[in-house]
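Topology and contacts: notes
The residues making up each chain are set out below.
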Amino acid sequence: MPNLALPVGTTLDRYIMRRQNAFPFATGELSQLLRDIALASKIINREINRAGLIDIGGAAGSGNVQGEMQQKLDVIANIRFIRALKNGGEVCGIISEEDEHMIQTGNVNGKYVVAIDPLDGSSNIDVNVSIGTIFSIYRRVSPVGTEATLDDFMQGGRAQVAAGYVLYGSSTILVFTTGQGVSGFTYDNSLGEYILSHNDIRQPANGSIFSCNDGNADDYPAYVQDYLAQCKKQRLTGRYIGSLVADFHRNLIKGGIYLYPPTVKSPVGKLRLLYECYPMAFIAEQAGGMATDGQQPILDVRPVSLHQRSVLYIGSSEMVTQL
Ligand code: AHM
Ligand code: MG
């Protein structure tokens, strides 16, 4: 029996409506765009929950631009997001991890472009381990009324007007920033609504968790190896899920550092700058954390191509500083 005295809480829609005036370019279009992304994520959440039941698990048999096997759910998530953003009308162009080229939505009057990793953590899809969606939003620089251009996506991390992720974990949570702090909304299945669960998230300045693929450790630069040796000496906790969204989210809440250094296989890092590193770095900085490629803040790394990779060290400010 539900306790009628307890309020349901603040829905995402209500939160966005209330906060709209604090959004950059408060015209309502960015609010609508966030709602479109939330809707697509609910659909993907449904597909993920059914994945074990119907024949949508496993590899789809096509390769994506990075030459990795695309999982069927990656393909489905990609289609869902692109469709939601096209139908929403606020977005003129999209880049996705799953598509080599920029996608024109046909909404030439849309004022925004979106860079997205529709389903991150692909190696975890088939084994019921947490996966996520990552998105990054820019205000276009090309003239309204024309098609999106590459320049719209090459503005650099500091030009993002919003960024976020959805973690499909033990519960589903949407975390985003519009440059005024970070908020988290947990999905209530029974209501079909995201409810505000984490108001103004602050990442602890220090933590006890380090997250990296230790199997690659012999490839890491000496300073990373030294740092990890320190972590182990201090008996910090090693936790690595292999889904950036899940590892990042845990460290955001509990305090910790995530590392994807250069390796022999991925000499400039594995993660993609535009739709993995930039949005996570924007969120980290907004929550009081830090993100760097070892040389400079991630948000200052200059973009040169759509699917560019970067080294990523991200998390609690004192840990990243010490590294
Ligand atoms: P993906 O976009 O193909 O899923 O790759 C990104 C993922 C991250 O989520 C994760 O942190 C990392 O790759 C894991 O890589 P590895 O298996 O090399 O440790
Ligand atoms: Mg990815």
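Residues numbered from 1 in each chain as written. Chains lettered and ligands numbered in written order. Predicted model: local features only at pLDDT ≥ 70, side-chain atom pairs only at ≥ 80, totals over all residues. Heavy atoms only, no water.

1. Considering the pattern of salt bridges
- Following the criterion strictly, the structure yields ten salt bridges and no others.
- Across the pair Asp 300 and Arg 158 runs a salt bridge whose closest N-O atoms are separated by 2.9 Å. Of this pair, Asp 300 sits in the loop between strand E15 (290-292) and strand E16 (309-310) while Arg 158 is found in the loop between helix H4 (150-153) and strand E7 (162-168), placing the two residues 142 residues apart along the sequence.
- Among the residues examined, Asp 300 registers a relative accessible area of 39% and is labelled partly exposed.
- On the accessibility criterion, Arg 158 (47% relative accessible area) is partly exposed. (Salt bridge = Lys/Arg side-chain N within 4 Å of Asp/Glu carboxyl O. Helix = DSSP H or I, 4+ residues; strand = E, 2+ residues; numbered from the N terminus. Buried < 20%, exposed > 50% of the residue type's maximum accessible area, 1.4 Å probe, protein only.)

2. Quick look at the nonpolar core
- Tyr 165, Phe 248, Leu 274, Met 280, Ile 298, Leu 312 and Ile 314 are the most contacted members of the largest nonpolar core, which totals 41 residues.
- Broken down by element, the residue count for this core peaks at ten residues, all from helix H7 (residues 273-286).
- Of the domains in this structure, domain 1 (12-198) and domain 2 (209-322) are the two that each give at least three residues to this core.
- Counting 40 residues, the second-largest nonpolar core is a separate cluster that includes Phe 23, Ala 51, Val 114 and Tyr 168. (Core = buried A, V, L, I, M, F, W, Y, C linked by side-chain atoms within 4.5 Å. Domains from an automatic or database assignment.)

3. Here's the deal with the site of ligand 1
- Close contacts around ligand 1 come from 17 residues, with Asp 120, Tyr 240, Leu 244, Tyr 258 and Tyr 260 the closest.
- Taking Glu 97, its side chain carries an N or O atom lying 2.9 Å from an oxygen atom of ligand 1.
- Between Lys 270 and ligand 1, the recorded distance is 2.8 Å, taken from a side-chain N or O atom to an oxygen atom.
- A total of 470 Å² of accessible area belongs to ligand 1 in isolation, and the protein chains cover 88% of it.
- When residues of the shell around ligand 1 are traced back to their parent elements, those giving at least two are strand E5 (112-120), strand E13 (256-260) and strand E14 (271-272).
- Within the shell around ligand 1, the residues separate by chemical class into five nonpolar, five polar and seven charged.
- Each of domain 1 (12-198) and domain 2 (209-322) accounts for three or more of the residues forming the shell around ligand 1. (Near = heavy atom within 4 Å. Polar contact = N/O pair within 3.5 Å; in protein donor to acceptor, adjacent residues only side chain to side chain. Areas by Shrake-Rupley, 256 points an atom, 1.4 Å probe, with all protein chains shown as cover. Nonpolar A, V, L, I, M, F, W, Y, C, P; charged D, E, K, R; others polar.)

4. Quick look at the sheet that holds strand E8 (residues 172-177)
- Read across the sheet, eight strands follow the order E4-E3-E5-E6-E7-E8-E9-E10 without closing on themselves; strand pairing throughout is mixed. Each edge of the open sheet carries a strand with a single partner, namely strand E4 (103-104) and strand E10 (193-198).
- Where strand E6 (residues 131-139) meets E7, seven bridges bridge the pair, whose relative direction is antiparallel. Residue Ile 131 lies in a different strand from E7, and its bridge partner there is Tyr 168.
- Its contacts with the sheet place H7 against strand E3 (91-96), E5, E6, E7, E8 and strand E9 (182-188), and it is angled at close to 85° to E6. (Pairing = 2+ DSSP bridges. Contact = heavy atoms within 4.5 Å. Axes fitted to C-alpha atoms, helices over the stretch in contact; angles between N-to-C directions.)

5. Thoughts on H7
- For H7, the buried fraction is high: twelve of the 14 residues fall into the buried class.
- Three or more residues of H7 are buried, namely Leu 273, Leu 274, Tyr 275, Glu 276, Cys 277, Tyr 278, Pro 279, Met 280, Ala 281, Phe 282, Ile 283 and Ala 284.
- Where H7 ends, the next residue or the one after it, Gly 288, has phi of about 90°, a positive value.

6. A short note on the coordination of the magnesium ion (ligand 2)
- Every protein donor of the magnesium ion (ligand 2) is listed here as Glu 97 (OE), Asp 117 (OD), Asp 120 (OD) and Glu 276 (OE), and their distances to the metal cover 1.9 to 2.5 Å.
- All donors of the magnesium ion (ligand 2) belong to a single chain; written as a sequence motif, their spacing is E-x19-D-x2-D-x155-E. Of this pair, Glu 97 sits in the loop between E3 and E4 while Asp 120 is found in strand E5, placing the two residues 23 residues apart along the sequence. (Donors = N, O, S within 2.8 Å, 3.2 Å for Na, K, Ca; no water.)

7. Considerations on the packing of aromatic side chains
- Inspection of every chain in the model, using the stated rule, returns seven aromatic pairs.
- Geometrically, the ring pair formed by Tyr 15 and Phe 176 is edge-to-face, given 6.4 Å between the ring centres and 85° between the ring planes. On the criterion of sequence distance, the pair formed by Tyr 15 in helix H1 (residues 12-19) and Phe 176 in strand E8 is long-range, its members being 161 residues apart.
- The interplanar angle of 85° and the centroid separation of 5.8 Å between the aromatic rings of Tyr 165 and Phe 248 together place this pair among those described as edge-to-face. With Tyr 165 in strand E7 and Phe 248 in helix H6 (residues 244-254), this residue pair connects regions lying 83 residues apart in the sequence.
- Counting every residue linked through ring pairs, the aromatic cluster contains Tyr 15, Phe 176 and Phe 185. (Phe/Tyr/Trp six-rings, centres within 6.5 Å; stacked < 30°, edge-to-face > 60°.)

8. Side note on the domain arrangement of the protein
- When cut into domains, the protein gives domain 1 (12-198) and domain 2 (209-322).
- Domain 1 and domain 2 are separated by 22 Å when their C-alpha centres are compared.
- In this assembly, 49 residues from domain 1 lie in contact with 31 residues from domain 2.
- Note on domain 1 versus domain 2: buried area summed over both sides is about 2,900 Å², and carbon and sulfur give 65% of it.
- Its largest share of buried area at the contact with domain 2, domain 1 owes to Met 154, Arg 158 and Tyr 165, together 22% of the area lost on that side.
- On inspection of domain 1 and its partner domain 2, the count reaches three salt bridges. (Buried area = accessible area lost by both parts, 1.4 Å probe.)

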